[in-house]
Every structure is written in C-alpha cells, then in structure tokens.
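Structural characterization, general
Letter by letter, the chains look like this.
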Amino acid sequence: ILNVEQSPQSLHVQEGDSTNFTCSFPSSNFYALHWYRWETAKSPEALFVMTLNGDEKKKGRISATLNTKEGYSYLYIKGSQPEDSATYLCASPMDSNYQLIWGAGTKLIIKP
Amino acid sequence: SAVISQKPSRDICQRGTSLTIQCQVDSQVTMMFWYRQQPGQSLTLIATANQGSEATYESGFVIDKFPISRPNLTFSTLTVSNMSPEDSSIYLCSVEGWSGGALNEQFFGPGTRLTVL
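Our focus in this paragraph is the pairing of strand β8 (residues 72-77) of chain A. All names here are of chain A. Residues of β8 alternate between two faces, with S73, L75 and I77 buried on one and Y72, Y74 and Y76 left unburied on the opposite face. Bridging between strand β3 (residues 19-24) and β8 involves six bridges; their strand directions are antiparallel. In the sheet register, N20 faces β8, and the bridge partner there is Y76. In this structure, strand β7 (residues 62-67) lies alongside β8, joined through six bridges in antiparallel fashion. Opposite I62, over in β8, you have I77 as the bridge partner. A loop of four residues connects β7 with β8, the two strands running antiparallel in sequence, and G71 in this loop sits at a positive phi of about 75°.

This is how it looks when you write it as structure tokens:
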C-alpha cells in the first residue's frame, strides 16, 4: 500500500509567526505532488502542483519545496495571518491512472 | 475552473436511514468523483461516476451501500444507505481540470458534513 503522510496532524501558530509542515510520499514512480488548502465550510482549493526535484513554488506568503529523491515536500507560511487557518492537504498520483492518493492533512490554527 | 455546489451542506441522521447527496457542476464534465473524509483520516475516493454507465467503485466500497446516479453531464447523486455511526464523514464531489495526467487539478464542492447518531 502506498501512503502519503503529513505531519504534524495539527498546529497552533501565533499570528505573525512563520511555520512549515511536511508531506511525505513514496519516492519511486513519482509523477507529481499537489498541495491543497481546505478552509472550514469551503471547497478544497489547489495551491501548487510540483513535478521536478528541487522545485520551489510561491504564492504570496505561502511557498513549497519538493525533494523527489527522498520523498518529501515542505509547505511554508511566512508571517501567519488568521485567514491562513485551514487544513492543508497534499496528494500524489501513484500510478499511470493518476488517481490522487491523499494525506490526512495538517490542520493549521492561527492564534490572534 | 469549475464551480461545484452540493446539497445538503450538513445533516444529522438516525442509524439505519439513508441520505442522498446532490452535486451540481456549472459545466459539462465526463467524470465526477465522490470522496469521503472520516475524522482524522485521509480523503478517500469512493467511486467515479460516469454519465451513461455504472459508477466505478474503489476497493472497500460497494454499490449497495453507496448507490450513485449520473443522469447527465452536470449532475450526480451519492446515497449513503442504511447508515451507521461509522458513516459520519465529510462527503465531497469533485471534477478534474483540463491540465491532463498527473498535473490534473481537482475542483471540489464544499462538502456535505454527515453525522449519524
């Protein structure tokens, strides 16, 4: 069974602080790594799709890096704001059908 | 992108009853997907709903428990039958974007939060 793992499961961060969390995935047969953000009562929305080892993507205060050789990706949030409170999900397609296998998410709570 | 709506947004149901969740997309799509996320667990694909044919179920999910309808290219329903507390989850429908292959972004509905007593 191929698993995508995320850590930590939840995270409390003071407003203004920076934070990061991890997505681990099998490094063999790698196709892509997706990050999604899921706010309560809203639809999950895509943040990044990454494919190349060493890739780094950025959207505002949020950035992500990818290491396909060791099978992990980090998501960074700089200067956390209350609106960053959400569950952050990562997913990776594990076969040629490209069906996404999802991590359980990291629930981020920003304390004002 | 696609805009997806789901009804109901949440429900509290009694054990042994059934609930039908509706999913409406603002554009025609070939495949629609139904997921669930049990508390503390990963998003898990239940089935793929194709218009004009039976849904394709993932391992561990069966049609008798989760019947799916797909009457046209913009609408699908998922029924959770004979519910038990273990069915308490968030149920999401989704469609794929147009990037293709491993880069395919998925667009999700806002989810249906189901609690079974």
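The rest of the description comes next.
Taken as a whole, this structure holds two disulfides over all chains when the rule is applied. Here A:C23 engages in a disulfide with A:C90; their sulfurs sit 2.0 Å apart. Here the disulfide of A:C23 and A:C90 is right-handed, its torsion about the S-S bond being about 85°. Pair noted here: A:C23 is in strand β3 and A:C90 is in strand β9 (residues 86-93), with a separation of 67 residues, a long-range link. Between the sulfur atoms of B:C23 and its disulfide partner B:C93 the distance amounts to 1.9 Å. Across the disulfide from B:C23 to B:C93, rotation about the S-S bond amounts to roughly 75°, and the bridge is consequently right-handed. Linking B:C23 in strand β3 (residues 19-25) with B:C93 in strand β9 (residues 89-96), this pair joins segments that are 70 residues apart in sequence. With respect to burial, B:C23 and B:C93 carry one shared label: buried. Not engaged in a disulfide, the cysteine B:C13 finds its nearest cysteine sulfur in B:C93; these two sulfurs lie 17 Å apart. Overall, B:C13 belongs to the buried group, its relative accessible area being 8%.

All names here are of chain B. Along the chain, S84 turns up in the loop between β8 (75-80) and β9. Within the structure, the side chain of S84 is placed 2.8 Å from the side chain of E86, a separation counted as a polar contact. Excluding residues that lie within four positions of it along the chain, S84 makes contacts with R15, K65 and V116.

Let's shift gears to the interface of chain A and chain B. If you look at the interface, chain A gives 21 residues, while chain B gives 19 residues. Of the roughly 1,600 Å² buried where chain A meets chain B, counting both sides, 61% is carbon and sulfur surface. Remark: the boundary between chain A and chain B carries zero salt bridges. Sorting the residues of the side of chain A that touches chain B by element identifies β4 (33-38), β5 (45-50), β9 and β10 (100-102) of chain A as the ones contributing at least two each. Among the elements that line the side of chain A that touches chain B, the one with the most residues is β4(A), at three residues.

Here we come to the side chain of A:R37. Residues and elements named next belong to chain A. Residue position: R37 is located in strand β4. A residue is classified by how much of its surface remains accessible, and R37, at 9% relative accessible area, is buried. Looking at R37, its side chain comes within polar contact range of the side chain of E39, at 3.1 Å. In terms of polar contacts, R37 uses its side chain to reach the backbone carbonyl oxygen of E83, at 2.7 Å. Leave out the neighbours within four places in its chain, and R37 touches S43, P44, E45, L47, I62, E83, D84, A86, T87 and Y88.

Residue and element names in this part refer to chain A. Overall, antiparallel pairing links the five strands, which are arranged β1-β3-β8-β7-β6 in an open sheet. If you trace the sheet from one side to the other, it starts and ends with β1 (5-7) and β6 (56-59), each paired once. Going from strand to strand, the sheet's axes swing by 15° on average, the running direction of each strand aside.

Residue A:P8 is bonded to the preceding A:S7 through a cis peptide linkage, with omega at -5°. Of note, the bond from B:K7 into B:P8 is cis; its omega dihedral lies within 30 degrees of zero at -10°. Structurally, B:P8 can be placed in the loop between β1 (4-7) and β2 (10-13). A positive phi is found at A:A41, a non-glycine position, where the angle reads about 70°. Non-glycine residue B:N82 carries a positive phi angle of around 45°. Positionally, B:N82 belongs in the loop between β8 and β9.

Rules behind the numbers
Every chain is numbered on its own, with residues counted from 1 as its sequence reads. Ligands are numbered from 1 and chains lettered from A, in the order in which they are written. Whole-chain, interface and lining totals are the exception, using all residues; otherwise, since this is a predicted model, local features are given only for residues with pLDDT of at least 70 and side-chain atom pairs are given and counted only at 80 or more. Water and hydrogen atoms play no part in the side-chain values, which are based on all heavy atoms of the structure. Under the scheme applied here, a residue whose accessible area is under 20% of the maximum for its type counts as buried, over 50% as exposed, and between as partly exposed, the area being computed with a 1.4 Å probe on protein chains only. For the purposes of this entry, the term helix denotes a DSSP run of H or I that reaches at least four residues, the term strand denotes a run of E that reaches at least two, and both are numbered from the N terminus. The criterion for strand pairing is that DSSP finds at least two bridges linking the strands in question. The disulfide criterion used throughout: a pair of cysteine sulfur atoms within 2.5 Å. Pairs of N or O atoms within 3.5 Å make up the polar contacts considered here, provided that, within protein, one atom can donate a hydrogen while the other can accept it, and that residues adjacent in sequence are counted only when both atoms are side-chain atoms. In this description, contact between two residues means that some pair of their heavy atoms is separated by no more than 4.5 Å. Summed over both partners, the accessible area lost on bringing two parts together, with a 1.4 Å probe, is the buried area. One side-chain nitrogen of Lys or Arg within 4 Å of one carboxyl oxygen of Asp or Glu is enough to make a salt bridge. Structural elements are reduced to axes, namely lines fitted to C-alpha atoms, with helices fitted over the stretch in contact, and the angle between N-to-C directions of any two is expressed from 0 to 180 degrees.

Taken by themselves, the reported measurements are silent on function.
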